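The lines below spell out each chain.
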Amino acid sequence: MELYKYKSLHNFEHIAEIICMKRFYAAKYYDLNDPMEGIFNCDEGTKKEYINDIKKGKQKLRICAFSKDPQNPLLWAHYADGFKGICIKVEIDEKFQDFEIVKVEYSDKRICFNNNVARLRGEFPKLILRQKAKEWTVEKEVRLLSSNEYIQDGIKIKGIFLGLRTPEILKNTIIKLAAPNVEIWNTKIDSKTNKIVIGERFYSKK
């Protein structure tokens, strides 16, 4: 599976960590930018012990978010610092057991838990963390759920797309850090669709 990670270059140590150490940080749900992350409803009379089990399950999980779309200007603007950042193309090993791949489902209705589905409460944390409001549909998000702080094995960096406004000095720094097999490309705006598309190859170590 090919996915994409938009990144700002403000905290460049994070970029260096990804490119050099080939690992991606997985955050707790409450550290993500959507304040509605992890919220769910319960029917009246739901046992507190069941609710606590779900809360504990959410606490154990960490999220590494990617998108299926490297071309959306809104994502470039929001997650890549107004086109001054980058978008990293990765290949995910879907058979790898250290994380679970979930495609985010977008809905205006929250997941609701009750005593009748108590036997499934072990799965509810994952169900809750795979759901977002419809307003976020544009992200086309895919998440890797893991108990680990970093995801390293089972994920390969295949390419780096440079933003339209990425400073030249940072472009050259990325070139120096990247492995020889990682393709690095400039991007441009398609005049007909206004989507972000690959431009000329910035540099090749091959």
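As shown above, the structure is provided for reference.
What this report covers is the structure whose coordinates are included nearby. Since the model is a prediction, treat every value here as computed from it, not as a measurement.

Cut-offs used in this document
Residues numbered from 1 in each chain as written. Predicted model: local features only at pLDDT ≥ 70, side-chain atom pairs only at ≥ 80, totals over all residues. Heavy atoms only, no water. Helix = DSSP H or I, 4+ residues; strand = E, 2+ residues; numbered from the N terminus. Buried < 20%, exposed > 50% of the residue type's maximum accessible area, 1.4 Å probe, protein only. Contact = heavy atoms within 4.5 Å. Arc of directions from axis to C-beta. Salt bridge = Lys/Arg side-chain N within 4 Å of Asp/Glu carboxyl O. Pairing = 2+ DSSP bridges. 1 Å grid on protein atoms, 1.4 Å probe; cavity = no way out; pocket = protein on both sides within 12 Å on 5 of 7 lines; lining within 4 Å. Points joined across faces, edges and corners; volume = space filled by probe spheres on them. Nonpolar A, V, L, I, M, F, W, Y, C, P; charged D, E, K, R; others polar. Phe/Tyr/Trp six-rings, centres within 6.5 Å; stacked < 30°, edge-to-face > 60°. Lys NZ or Arg CZ within 6 Å of the ring centre and 35° of its normal.

### Points about the environment of Cys-112
Part 1 of the reasoning: Structurally, the position occupied by Cys-112 is in strand β8 (residues 112-113).
Part 2 of the reasoning: Given a relative accessible area of 36%, Cys-112 falls into the partly exposed group.
Part 3 of the reasoning: Remark: the alpha-carbon pair of Cys-112 and Cys-42, spanning 70 residues in sequence, is separated by 5.2 Å.
Part 4 of the reasoning: The contacts of Cys-112, once residues within four sequence positions are left out, are Asn-41, Cys-42, Asp-43 and Phe-124.

### What to know about the environment of Pro-70
Part 1 of the reasoning: With respect to the secondary-structure elements, Pro-70 resides in the loop between β4 (62-67) and α3 (73-79).
Part 2 of the reasoning: Excluding its chain neighbours within four sequence positions, the residues that come into contact with Pro-70 are Tyr-4, Tyr-6, Trp-76, Cys-87, Phe-161 and Ile-196.

### Some points on helix α5 (residues 168-177)
Part 1 of the reasoning: Among the residues of α5, those classed as buried are Lys-171, Ile-174 and Ile-175. The arc that holds every buried residue of α5, seen down its axis, measures 105°, which confines them to one face. When the buried face of α5 is taken as reference, the exposed residues oriented beyond 90 degrees from it are Ile-169 and Lys-176.

### Points about the pattern of salt bridges
Here the idea is simple: oppositely charged side chains can pair when their charged atoms come close.
Part 1 of the reasoning: For the structure on display, the rule yields eleven salt bridges.
Part 2 of the reasoning: In this structure, Lys-132 and Glu-141 form a salt bridge, with 3.6 Å as the shortest nitrogen-oxygen distance. For the pair shown, Lys-132 and Glu-141 are each scored as buried.
Part 3 of the reasoning: Here Lys-171 makes a salt bridge to Glu-168, at a shortest N to O gap of 3.3 Å. Here the residue Lys-171 and the residue Glu-168 both occupy positions in helix α5, the gap between them amounting to three residues, near one helical turn.
Part 4 of the reasoning: For Lys-171, a relative accessible area of 7% gives the class buried.
Part 5 of the reasoning: Salt bridges here are not isolated pairs; linked through shared partners, they connect Glu-37, Lys-132, Glu-139, Glu-141 and Arg-143.

### Structural notes on the pairing of strand β1 (residues 2-7)
Part 1 of the reasoning: With five of six residues buried, β1 is to be regarded as a mostly interior element.
Part 2 of the reasoning: Pairing of β1 with strand β5 (residues 86-92) involves six bridges; the strand directions are antiparallel. Paired with Leu-3 across the two strands is Val-90, which belongs to β5.

### Some points on the layout of surface pockets
Part 1 of the reasoning: Of the voids in this model, the largest pocket is the one considered here, and its volume is about 890 Å³.
Part 2 of the reasoning: Every residue lining the largest pocket is counted, 34 residues in all, and those nearest its centre are Lys-5, Tyr-6, Lys-7, Leu-32 and Tyr-79.
Part 3 of the reasoning: Mapped by element, the contributors of at least two residues to the lining of the largest pocket are β1, α1 (12-21), β2 (24-25), β4, α3 and β10 (141-146).
Part 4 of the reasoning: The leading source of residues in the lining of the largest pocket is β4, at five residues.
Part 5 of the reasoning: Of the residues that constitute the lining of the largest pocket, the class distribution is 16 nonpolar, seven polar and eleven charged.
Part 6 of the reasoning: In this structure, the second largest pocket occupies an estimated 210 Å³ of space.
Part 7 of the reasoning: Looking at the second largest pocket, it is lined by 13 residues, and the ones nearest its centre are Met-36, Arg-110, Gln-131, Lys-132 and Ala-133.
Part 8 of the reasoning: Among the residues forming the lining of the second largest pocket, the class breakdown is four nonpolar, three polar and six charged.

### Some points on the packing of aromatic side chains
Part 1 of the reasoning: Taken as a whole, this structure holds nine aromatic pairs when the rule is applied.
Part 2 of the reasoning: Judged by centre distance (5.7 Å) and plane angle (65°), the ring pair of Tyr-25 and Tyr-150 falls under edge-to-face. Pair noted here: Tyr-25 is in strand β2 and Tyr-150 is in strand β11 (residues 150-151), with a separation of 125 residues, a long-range link.
Part 3 of the reasoning: Relative accessible area serves as the criterion here: at 38%, Tyr-25 is assigned to the partly exposed category.
Part 4 of the reasoning: The ring of Tyr-150 has Arg-23 sitting right over it, with the charged end atom 3.8 Å from the ring centre.
Part 5 of the reasoning: A cation over an aromatic ring shows up here: Lys-132 above the ring of Trp-136, its NZ or CZ 4.0 Å from the ring centre.

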